[in-house]
Structures are given as structure tokens and as C-alpha cells.
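# Summary of the model geometry
These are the residues of each chain, in order.
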2 protein chains.
Amino acid sequence: MSVLDNLDIQLGYLKESRSILASSSLEERNDALRLIADALEKNKQFLFDENNKDLEEAEGKISAQILHRLAFTQDKLDSVVSGLMDLIKLPDPVAKTLEKRQLDDGFILERRSFPIGTIAMIFEARPDALVQMVGLALKSGNAIVLKGGSEAKNSNRALVRVIKEALKDSAVQNGWILQIESHGDVEAILKKDDYIDLIIPRGSNAFVRHVMDNTTIPVLGHADGLCSVYVDEDADIDLAVKVCVDSKMQYPAACNAAETILVNSRIADAFLPGFKKALEPYSVVIHGDERTKGIISCIKVEEKDYYTEFLALELAIKVVDSLDEAIEHIRIHGSGHTDCIITENPDARDKFFKLVDSADVFCNCSTRFADGFRFGLGAEVGISTGKIHARGPVGLAGLMSYKWLLTGHGETVAEYSGKNGKKFKHKDIL
Amino acid sequence: MSVLDNLDIQLGYLKESRSILASSSLEERNDALRLIADALEKNKQFLFDENNKDLEEAEGKISAQILHRLAFTQDKLDSVVSGLMDLIKLPDPVAKTLEKRQLDDGFILERRSFPIGTIAMIFEARPDALVQMVGLALKSGNAIVLKGGSEAKNSNRALVRVIKEALKDSAVQNGWILQIESHGDVEAILKKDDYIDLIIPRGSNAFVRHVMDNTTIPVLGHADGLCSVYVDEDADIDLAVKVCVDSKMQYPAACNAAETILVNSRIADAFLPGFKKALEPYSVVIHGDERTKGIISCIKVEEKDYYTEFLALELAIKVVDSLDEAIEHIRIHGSGHTDCIITENPDARDKFFKLVDSADVFCNCSTRFADGFRFGLGAEVGISTGKIHARGPVGLAGLMSYKWLLTGHGETVAEYSGKNGKKFKHKDIL
């Protein structure tokens, strides 16, 4: 039997067994989350030992930063356990009534949330991410295909073993979790639109782009996060400096960090020197256009810099002559993630809100607020730059689909057809 | 310049000009709908003449049924004009506040509906469908790429000419409409994920499947509509007969017509003879399993019949021993479109509602109710069997995405970080 045949059988089994999870109650799913948390605590030494194997193998081969992500420490364990406890507290995303309409007397239509089905989550070498994703799938009633970074092979195997063992005799059972390991299996998964309903890839821009370009399955995620802040002619200068610095500096490697600052020419003289001064402690590399260079000292910008997600202590500045030019710059160079205007003029804000076609459009606050927890979504599934289904920071609702449930008493369409047919009432009752 | 280069330029122009439409008011979009309706009336002779060219060319080459669809008559004109008037009456789908949350004092997050962007609509040789789609795109603020069936070439060109001329001097202008004609352009469109945000294909199952399998762009639609009715042991027999007959017979070629009747073995003797008798006037071909054949006379079913969307006076019957077996049969053979249970037992209904993973799950009413107008959605964009974004009958809301709009007064993430950082309030205010 080839690997692919085997994968088909496993995916078929997953599809079959997900109905056990789909028909479980909130209490049963919350109990299962608790069982996972307990099992992780109880088996922590085993988990740390297996993680150490990965760390030893990776030593010297990967950067200190990635090594730090790979380490599964007591701190990380505490954090995933508290994450599972937070999930327990969230309301049930399953079978929520989203619409309710009386079509006619005693003929009731309901639109209710249901799990999407099977979600493939592909992520970097971070064992804590695996636990987080299993928790999100469990709370939302979705079967899950897990592929973690190969550097975390031993850690991931150990985690899945502990989790599956913990759930074996629970009401939700454990048939809804499938771990895959090989790169070939990932490529195969991208073609399995009969079995996989949604793919959530995390990792490098290039990897996410590769997934998006090579599957007909819907993908929830983002490749680039090229965020801009536009400092309008009606900006409050101090506020502008403060927000621009935070947007770049609060965590330069994040997808919601600003990469480009657009400055209105009428305010450039007043804004740029103070902004440059505020950045001085951080030794940020600034790429500026001719007009910027006329005001502050910086490197001459090249057009490609405006397309670059630096993810580092580096940014591009452009002086523009109008709000329209700023919007046009963002339309051409932006990635549809998060863009912000700094202005005291509500008309300028409204125009920016209307015409900038990005997931998050902000006014007078840091781009770094683009985040599920900061938005108050409870749990963050990811950030999507797609415009279908879910956009921007996505909470548990992004893992839900819905069904239309219609209950009647023998109604036929024939009765509601023709000139003398019965008429629908279509009365919303929610 | 090659055709493809040219298409890229046209799509780029479409993307640019859609901001005029996106920033238009409800009144401006409604005025534009009225302008189209007036222009169609005024130019009806031209439209009928051009349609006649298509009809003459098609004569003898296509079936009477398709010829009937191709004809653009006074009746069809009246119907599209009244469809445009109905669209005017619908509330504005654009810039609706979907969520509103106070993150902190004066720091307000809003989730508001916005057009998806550019939608490619590919449809069969029905000139009236073109007008309907332009109307939906206009009301929802989306740019549109139109590809109609080639048999309607002259009619479609004439319609687009009349519509674009009517909108030329309107507030929404006409740059948001692009008509393409060649098959090569359709294949090219499937690869243009930079320009096209959603594809809505209509036509044969095979065509829709082809589109779904050959694009990474989200597709809203359905290939198969293999709908089943399960007659439970606790069914009311008369009601079951009435609903099963309507589900099959009210319009046998529709995607929401029933193809398979599953009958619980405890009720089969009581149900099948009456059902057979009720179908007699229509000369329906019945494919039944061994147990069905033991009760009524019919053709021996083959397994492939349970996978067949007959779309004709033909159906398959299977006797099952339990609700579970019925659900399992639907899981394996169904297409996730519409499935119905006939039962007086609320527990059986609830289990069926929970475990049947279809867009529409009904109890005690005809599968033919699966329709945007009957559901009260105002306008129907299509029926989707996908589980992402929109599912089942889709109204104007299915053509909308949303943005997160956040307005602050200089808030930085740094202030909200660390142990002594400010705390979010996250208070829903809608």
C-alpha cells in the first residue's frame, strides 16, 4: 500500500469519526479540554525529555531564535495549560442560532452554526502551537490534521501521544486527530479537497504563499503583512510620532508592524525630525524618498523597498501630496493586512476607512492592535488577508460554518406556487 | 500584445475603477439600477433584434429547452426589470455595522460589511441572467467580470452595451463591468487570483466541477445536488407521501429535487405502496433495492444509482434499518446540498439535524424549499455546497466581506503590555 493510499484511508476514518465530536455537548468538549490539560501536567517529564531530543538534534543547525521557539519549557507548559482553561470559559461556538425566520405559520427556518468539518493546520516548529490548535479544534467541534515543523518531530509525537491517550475513553474520543509528518504528506493534503475543508498554514510568507498557490481548498491565513501608517496634513504631531514609533517598534518582526510611513507634504517638515529623533534609541535603518531626504538624513529609498516587509529595524518613508495619493500608494503596494491614518479630520478618516481595502483600517492608534486578543475575540485562530469567510484577526467563529434547518408539517412547494398559491410570511423571529 | 496581457490590463483597470462604485451611496447605486431598468425598456427592440440573431444561429443546434432559455422575450424583459426594482427595495448591504466593541474608553472597534471586490460570474446562455447578475453586483458594490454562454453572444453584447451606455454619466460610472467572451479568457480568469476575489459559476455539474478543480480563487456554487428524503419509522405516512412526491415532482430537473428516498424497514410496507401509487400519474422510473422490490414493482437498483443526480422522472429507493443507517447512507452518497427527514419524533429530527452535514437539513417539508426566495433572502446569488463563507441559498450578504475599523486617540500597544499595562475593557456596544 502506498503512502497516499494510506493517507486516504486515514482521512476517510477522520471524516467518519468526526461525527462523534460533532454530536458532543459543550460539557463533553470542555471536559476533554480539561483532560488534555491534566495529562500534559502529569506527563510533563516525558514531554520535556522528548523535546530535549529535538533541541539536541537542532543545536547548531538552527538560529537561537528558532531554538527558543522549539523549546517546550515549564513556562510554555503553563501557558498552554492556561490557554486550554481560557478556552473552557468561552461560550459554545456550536449550534448557535444565527438567524430564525417564520416562513409561514409553524414553518420555521433556522440558521445555526456548525463545525466546518476537517481543518488542516500546518505550523512551524513550536510544540506549544500544537496544543493550542488541538484546543481550538476541540472547542469548535472540528476534526484536525496536524503537521508541525520537522525540527519538533519528537516533541510533536509525544504531545499527540499524550493527548490521544488522555481522550481515549472520553465522550469525544480521539479519532478526530490525525498527525502527519512528511513533507510529501503535506503536498498530498493540499490535493485532498474531498476530505479537508480548510487549511490554516503558519510559517514564512513564502510557505504560506506556496500553500495558497497550490490548493483549491480554502486557506485561512496571510502571506505578507505590509502595513502602512499615513500621517495626514491634519494629524496631531505628537500623537503621530507616538503611534508611528509603536507601530514599528513594539515588535518589529510581527506581521502587524508598520513597514512604510506615508507623510503628507504639508506636515512633513513638522513631523519627520521629531519622528527621526524618537527612533534614534533603536538605530532603525530609514529608507526615504527625495523629499524625506531633504528633511532628515536617511538612505535613498528604492521602489522595491515600498514592497518589502522588513520585519526588522528598518522602514521606508514617502512624502505624498494628498490623502488620495496615500490611498493609491497603499492600493498598489499594500498587502491588505492593516493600514492606519493619523488625522484629527473625521472626513479624511471616513474616506480612508471607505477606500483602503484592507482587513484592518485604523485611525490614530498603533497597527500592532491588529490581533485577536486585543480585539476581544477570546481566542485567535489566525489573521486572514483573504476577503472570503473571515478577514483580519479570526476567532473561533472562523472555524464554524452553518446549516439551514427547516421544520414544517408537510409543506410542499406546489402549495406555494402559482397565482393562487399560499404566500410566505417571512417574519424574522430572532 | 497578447490576449492575456490585454486581459491583465482590463482587470487592472477594473480593480482601479471599482473604488468609484465602492464609495458610492445607496441612493447612487439605486439610481443606477433604475437607469438600467429604463434603458432596457427604451432599447428593447434593439435587444430583441440582437437576441433574434442568436436564436436564428442556434436553431436546430440546441435543444428546445435551451432555446427557450436563450430567448429574450417581453416576458423575460418584464421579469428582469421587476427584479431590478426589487433590488432597489432591499436594504443597503454595504457598510452595515456587524459588531461594535469598546476596547477601552473612546477606543472603538467596528466590524463593517464591505464589498468583496471583483466577482467573476460565469453563466449559461440566458440573457436574463446577465441583467440579474449586473444588478446584484451593483447593489452590493462589487466589480463584475461577466462571461455568458457563447450561444447568447449577440444578446449579451447588446445588453452590456445598453447597460454601460446607461451608466456612463451616472455617479457609479461603468468601469466596474467587464465582459469577456472567449473560452480562453475563462480559463485565464481562473488563474487571476490577484484580480478576482470570488467566482460564481452556473451551468452543468461538470462545468462547475471543472471551475472548482482548476482555480485557487474561492468558488461559490454547487456541482451536484444529490438530495435525499428519509422516511423515519415514526413518520406520518400521508405527510411522507405528499412531501416525497413534491420533493421529486415539483421540478424534477432542479438541484434541490430529491433523487433518493430512504425508508425505514418498519414503515416500508405501509409507505411504499401509497408512494408508488401517488407517483403513477407521472410515469417515474423507480430503482429499488431488494427489499423495496419485495413490496412494490420497480427496477433493481445498482449502487451507482445512489450516486446519480437523475434530474429527471427517475429516482432511487432504499430500505434501511435505522436512522443511523440513513445518516450513514447520506454521508457516503450525498452531495451536502439538501436532505430531509420525515418524522413525528423530535429526537430523531434533532439527531438528523445534528449529524447530517448538508447545507440544508429539513424535517417534514419538501426539499424544493431550498431556495433564496423561499428562505426570504430577498435576492438569490446562488446555492453553495461549500462550507466556507456562505452555505446553502446565498443572498446579497454572500457578496460582502467586512473590514475591522478601529478609531483611537493615540493608543499604543506598549501602553497595554506588561504586568502594569492598561487593561482592555472589551465591552460590546451593539
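The structure contained in this document is the topic of the report that follows. (Residues numbered from 1 in each chain as written. Chains lettered and ligands numbered in written order. Predicted model: local features only at pLDDT ≥ 70, side-chain atom pairs only at ≥ 80, totals over all residues. Heavy atoms only, no water.)

## Describing the overall build of chain A
The number of helices and strands found in chain A is 14 helices and 17 strands. With the C-alpha coordinates of chain A rotated into their principal frame, the extents come out at 75 × 75 × 40 Å. Relative to its full complement of 430 residues, chain A shows a buried share of 57%. Residue pairs at least 24 apart in sequence account for 70% of intrachain contacts in chain A once pairs closer than 6 positions are excluded. Accessible surface for chain A amounts to roughly 17,200 Å². Of this, 50% is attributable to carbon and sulfur atoms. (Helix = DSSP H or I, 4+ residues; strand = E, 2+ residues; numbered from the N terminus. Buried < 20%, exposed > 50% of the residue type's maximum accessible area, 1.4 Å probe, protein only. Contact = heavy atoms within 4.5 Å. Areas by Shrake-Rupley, 256 points an atom, 1.4 Å probe, with all protein chains shown as cover.)

## Quick look at the relation of the copies chain B and chain A
At an RMSD of 0.1 Å, chain B and chain A line up after a rotation of 180° and a shift of 0.0 Å along the axis. Look at the turn and shift together and you get a two-fold axis relating the two. Proximity to the rotation axis, assessed at the C-alpha, singles out B:His389 in chain B; its C-alpha lies 1.8 Å from the axis. A share of 100% of interface residues in chain B that are also interface residues in chain A marks the association as one of identical surfaces. (Least-squares fit on C-alpha atoms with pLDDT ≥ 70 in both.)

## Some thoughts on a negative patch on the surface
All names here are of chain A. Residues Asp-38, Glu-41, Asp-75 and Asp-78 make up a contiguous surface patch of negative charge. Relative to the assigned elements, Glu-41 resides in helix H2 (residues 26-42). By relative accessible area, which is 34% here, Glu-41 ends up partly exposed. (Patch = residues over 30% accessible without salt bridge, like charges linked within 9 Å, V, L, I, M, F, W, Y side chains within 5 Å. Salt bridge = Lys/Arg side-chain N within 4 Å of Asp/Glu carboxyl O. Lys, Arg positive; Asp, Glu negative; His and termini not counted. Charge placed at Lys NZ, Arg CZ, Asp CG, Glu CD.)

## Details of the environment of B:Cys340
Turning to its location among the elements, B:Cys340 is positioned in strand E12 (residues 338-342). In this structure, B:Cys340 is in contact with B:Ser228, B:Val229, B:Tyr230, B:Phe352, B:Phe362, B:Cys363, B:Asn364, B:Cys365 and B:Thr367, ignoring residues within four places of it in sequence.

## Things to note about the pairing of strand E6 (residues 198-201) of chain A
Residues and elements named next belong to chain A. A two-sided burial pattern is seen for E6, the buried positions comprising Leu-198 and Ile-200 on one face and Ile-199 and Pro-201 on the other. Pairing of strand E3 (residues 118-122) with E6 involves 4 bridges; the strand directions are parallel. The partner of Met-121 across the bridge, within E6, is Ile-200. (Pairing = 2+ DSSP bridges.)

## A short note on the sheet that holds strand E6 (residues 198-201) of chain B
Residues and elements named next belong to chain B. Strand order in the open sheet formed by 4 strands is E5-E4-E3-E6, with parallel pairing between adjacent strands. The sheet is open, and its two borders are formed by strand E5 (177-179) and E6, each paired with just one other strand. Neighbour to neighbour, the strand axes of the sheet diverge by 20° on average, direction disregarded. Across the sheet, helix H6 (residues 127-140) lies against strand E3 (118-122), strand E4 (143-147) and E5, angled at about 165° from E4, the strand it touches most. (Axes fitted to C-alpha atoms, helices over the stretch in contact; angles between N-to-C directions.)

## Comments concerning helix H13 (residues 323-333) of chain B
Residue and element names in this part refer to chain B. Listing the buried residues of H13 in full gives Leu-323, Ala-326, Ile-327, His-329, Ile-330 and His-333. Here the buried residues of H13 occupy an arc of 160° about the axis, which is enough to place them on one side. Contacts from the buried residues of H13 go to strand E7 (227-231), strand E8 (258-264), strand E11 (314-320), E12 and helix H14 (346-355). (Arc of directions from axis to C-beta.)

## Points about the environment of A:Val211
All names here are of chain A. For Val-211, the location among the structural elements is in helix H9 (residues 205-213). With relative accessibility at 0%, the residue Val-211 sits in the buried group. Linking Val-211 and Leu-190, residues 21 residues apart in sequence, is a C-alpha distance of 7.3 Å. If we ignore the near neighbours within four places in the chain, the residues touching Val-211 are Leu-190, Ile-199, Pro-201 and Val-219.

## Quick look at the interface of chain B and chain A
Taken together, the contacts link 74 residues of chain B with 74 residues of chain A. Of the roughly 6,200 Å² buried at the junction of chain B and chain A (both faces included), carbon and sulfur atoms supply 57%. The three residues of chain B that bury the most area against chain A are B:Ile388, B:Trp404 and B:Val413, which together make up 11% of that side's buried surface. Connecting chain B to chain A are 8 salt bridges. For the salt bridge of B:Arg18 with A:Asp357, the shortest nitrogen-to-oxygen distance reads 3.3 Å. Along the contact surface separating chain B from chain A lie 55 residue pairs in polar contact (both at pLDDT 80 or more). Among the elements that take part in the side of chain B that touches chain A, strand E16 (residues 400-411) of chain B stands out by supplying 11 residues, more than any other. When grouped by side-chain class, the residues that make up the side of chain B that touches chain A number 34 nonpolar, 20 polar and 20 charged. (Buried area = accessible area lost by both parts, 1.4 Å probe. Polar contact = N/O pair within 3.5 Å; in protein donor to acceptor, adjacent residues only side chain to side chain. Nonpolar A, V, L, I, M, F, W, Y, C, P; charged D, E, K, R; others polar.)

## Remarks on the packing of aromatic side chains
Following the criterion strictly, the structure yields 20 aromatic pairs over all chains and no others. Considering the side-chain rings of A:Phe107 and A:Tyr416, the 6.4 Å spacing of their centres and the 35° angle between planes classify their relative orientation as tilted. A residue pair is termed long-range when its members are at least 10 positions apart, and A:Phe107 in strand E2 (residues 107-115) and A:Tyr416 in the loop between strand E16 (400-411) and strand E17 (427-428) qualify at 309 residues. An aromatic cluster of three or more residues is present, and its members are A:Phe107, A:Tyr416, A:Phe424 and B:Phe369. (Phe/Tyr/Trp six-rings, centres within 6.5 Å; stacked < 30°, edge-to-face > 60°.)

## Some remarks on unusual backbone geometry
Negative phi values dominate among residues other than glycine, just as trans dominates among peptide bonds. Residue and element names in this part refer to chain A. Of note, Ala-95 is a non-glycine position whose phi angle comes to about 60°, a positive value. With respect to the helices and strands, Ala-95 occurs in the loop between helix H5 (74-89) and strand E1 (97-104). With a phi close to 60°, Asn-364 is a non-glycine residue in the positive phi region. Relative to the helices and strands, Asn-364 resides in strand E13 (residues 360-365). Given a relative accessible area of 6%, Asn-364 falls into the buried group.

## Some remarks on the pattern of salt bridges
For the structure on display, the rule yields 60 salt bridges over all chains. A salt bridge links A:Lys192 to A:Asp8; the nearest nitrogen and oxygen atoms lie 2.9 Å apart. Placement of the pair is A:Lys192 in the loop between helix H8 (183-189) and E6 and A:Asp8 in helix H1 (residues 3-22), with a sequence separation of 184 residues. Here A:Lys192 falls in the buried class, since its relative accessible area comes to 14%. For B:Asp92, the salt bridge identified is with B:Arg29, shortest N-O distance 2.9 Å. Of the two residues, B:Asp92 is situated in the loop between helix H5 (74-89) and strand E1 (97-104) and B:Arg29 in helix H2 (residues 26-42); the sequence distance between them amounts to 63 residues. With relative accessibility at 2%, the residue B:Arg29 sits in the buried group. Because the salt bridges share partners, they merge into one network encompassing A:Arg18, A:Asp197, B:Asp357, B:Lys387 and B:Arg391.

## Regarding the packing of helix H6 (residues 127-140) of chain A against helix H7 (residues 153-167) of chain A
All names here are of chain A. Where H6 contacts H7, the axes come no closer than 9 Å and their chain directions differ by 30°. Considered as vectors, H6 and H7 are oriented roughly parallel to each other. Crossing of H6 over H7 shows right-handed handedness. Between H6, through Pro-127, Leu-130, Val-131 and Val-134, and H7, the contact on the second element is made entirely by Ser-155, Asn-156, Leu-159, Val-160 and Ile-163. (Parallel < 35°, antiparallel > 145°, perpendicular 65-115°, else oblique. Left-handed = near helix turned anticlockwise from the far one by under 90°.)

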